[in-house]
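What the coordinates show
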Amino acid sequence: MQINLASRLKLLPPYLFAELDRLKREVQQKGVDVISLGIGDPDLPTPPHIVAALQRTAGDPVNHRYPDYQGLDRFREAAARWYKRRFGVTLDPAREACALIGSKEGIANFPVAVVDPGDIVLIPSPGYPVYYSGCVFNGGEAYFMPLRKENGFIPDLGAIPAEVARRAKLMWLNYPNNPTAATAEPEFFRRAIKFCLDHNIILAHDIAYSEIAFDGYRAPSMLEFEGARDCVIEFHSLSKTYSMTGWRVGFAVGNAKLVGGLGTVKTNIDSGVFQAVQEAAIAALDGSDDKLREYCAVYQRRRDLMVDALRALGLECEVPRATFYLWAQVPRGYTSVSFTERVLKETGVVITPGSGFGSSGEGYVRFSLTVPSERLQEAVARIKAAKIICGAVAFR
Ligand SMILES: Cc1ncc(COP(=O)(O)O)c(C=O)c1O
């Protein structure tokens, strides 16, 4: 028996993180206390009122059966209420909202509904890797929109060739952004919507980090802007907002035909979100935001501490007003990977090479702020002691 996996798997880029995982295990086996600033997985617990809602509902047999494919009506109504409260956007929960088993699931499945073989998908680089896998798994052709520092990590829509825009079917955007931690101004959202309407392109906005914001910043929804209802679907997650990464719950909202298309795909692939988890999600969406505010204050303190510490080390990075990431330039003489590997080998600190998010991420590394301040301080102290970065001339 010879097992041949489908050729689409070969379309994925080499798994850069596999080598780093191996290296991390090697370092751990030597007994080093590894500090992981690699993944964006909140260390702060899910707020108690959300856990209590799961506990209350998990034992009810009504919740032990197959859930509704597109989510409980009450869950979709709660999502719509939240959009109204948070963004002033009115949604029809029956037609314009769909529950997701985490937003990653929706982001991966959405292209099944809209991308035909040969269609171009416009993808930010660096970007969340699932935009690319969803594209190529469905026969799409990726066109990468570089996010450059000089443009505030916003794609230059004017640089997209006319022929690419003509063949493009779908554009992904993600603000607040992972991995660059950049935010976008309303003017950019307006331009992006106009661009997509002019070229008949579906605009998918990933808004997973909208609530992790600092200094009074309030990230907008793409649906706040004129014309959005004609071309936009927005993917929202409870993972980061309520520290619920393990629970797997999110939702998609926006244009009814796009949401409906995603629903059709899901009906044929999965069987929805465990209803007790939806009950907990309703408690989260309808409940108090006190914990969210408290957690953002924690991330903000970590951000300030870490930006100062990295700058003191000679690493250039901006002060983000959202997300729990720092996007720092690697010192001269290193690539993203060589710097990451050296930091890991010599200090036991795990960071993420920017090139793992696409070629335009080269020259950067991402630090995640999802560990306590003492661990951040310890990580920086180790990098300093290892003398990996040589003085102020280290900037590229
Ligand atoms: C930009 C972005 N979008 C979506 C997700 C998926 O989150 P979830 O599937 O937990 O909702 C992540 C997770 O890290 C992310 O960084």
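The notes below deal with the structure included here. (Residues numbered from 1 in each chain as written. Predicted model: local features only at pLDDT ≥ 70, side-chain atom pairs only at ≥ 80, totals over all residues. Heavy atoms only, no water.)

As for its placement among the helices and strands, A78 is situated in helix α3 (residues 73-87). Take A78: its relative accessible area is 0%, and that puts it in the buried class. Residues A78 and V319, spaced 241 residues apart in sequence, show a C-alpha to C-alpha distance of 33 Å. In this view, A78 contacts I282, L285 and D286; residues no more than four positions away in its chain are not counted. (Helix = DSSP H or I, 4+ residues; strand = E, 2+ residues; numbered from the N terminus. Buried < 20%, exposed > 50% of the residue type's maximum accessible area, 1.4 Å probe, protein only. Contact = heavy atoms within 4.5 Å.)

Bringing the site of the ligand into the picture now. Taken together, 14 residues are adjacent to the ligand, and D206, Y209, S237, S239 and R248 come closest. Separating an oxygen atom of the ligand from a side-chain N or O atom of R248 is a distance of 2.7 Å. For the ligand, whose free accessible area comes to 390 Å², the fraction covered by protein is 91%. Ranked by residue count, the leading element in the shell around the ligand is helix α5 (residues 103-114), at three residues. Tallied by class, residues from the shell around the ligand come to four nonpolar, six polar and four charged. (Near = heavy atom within 4 Å. Polar contact = N/O pair within 3.5 Å; in protein donor to acceptor, adjacent residues only side chain to side chain. Areas by Shrake-Rupley, 256 points an atom, 1.4 Å probe, with all protein chains shown as cover. Nonpolar A, V, L, I, M, F, W, Y, C, P; charged D, E, K, R; others polar.)

Another point: the packing of helix α1 (residues 16-29) against helix α12 (residues 336-347). The geometry of α1 relative to α12 is characterised by a closest axis approach of 10 Å and an angle of 15° between their N-to-C directions. Here α1 is positioned roughly parallel relative to α12, judged by the angle of their axes. Two packed elements cross with a definite hand, and for α1 against α12 that hand is right-handed. Contacts from L16, E19, L20, L23, K24 and V27 of α1 reach α12 at V337, T340, E341, L344 and K345. (Axes fitted to C-alpha atoms, helices over the stretch in contact; angles between N-to-C directions. Parallel < 35°, antiparallel > 145°, perpendicular 65-115°, else oblique. Left-handed = near helix turned anticlockwise from the far one by under 90°.)

The next point concerns helix α13 (residues 373-385). Relative to the 18 Å expected for 13 residues at 1.5 Å per residue, α13 spans 18 Å between its end C-alpha atoms, a close match to the ideal helical length. Listed in full, the buried residues belonging to α13 are L376, A379, V380, R382 and I383. Projected down its long axis, α13 shows its buried positions confined to an angular sector of 160°, all on one face. In α13, the exposed positions that point more than 90 degrees away from the buried face belong to E374, K384 and A385. Downstream of α13 by one or two residues, K387 has phi in the positive range, about 50°. (Expected span 1.5 Å × (residues − 1). Arc of directions from axis to C-beta.)

What characterises a pair of aromatic rings is the spacing of the ring centres plus the angle enclosed by the ring planes. All chains considered together, the criterion is met by 23 aromatic pairs. Considering the side-chain rings of Y131 and W172, the 4.9 Å spacing of their centres and the 20° angle between planes classify their relative orientation as stacked. Highlighted residues: Y131 in helix α6 (residues 130-137) and W172 in strand β5 (residues 168-173), separated in sequence by 41 residues. Here the aromatic cluster, defined as three or more aromatic residues joined through ring pairs, consists of F75, W82, Y83, F87 and F251. (Phe/Tyr/Trp six-rings, centres within 6.5 Å; stacked < 30°, edge-to-face > 60°.)

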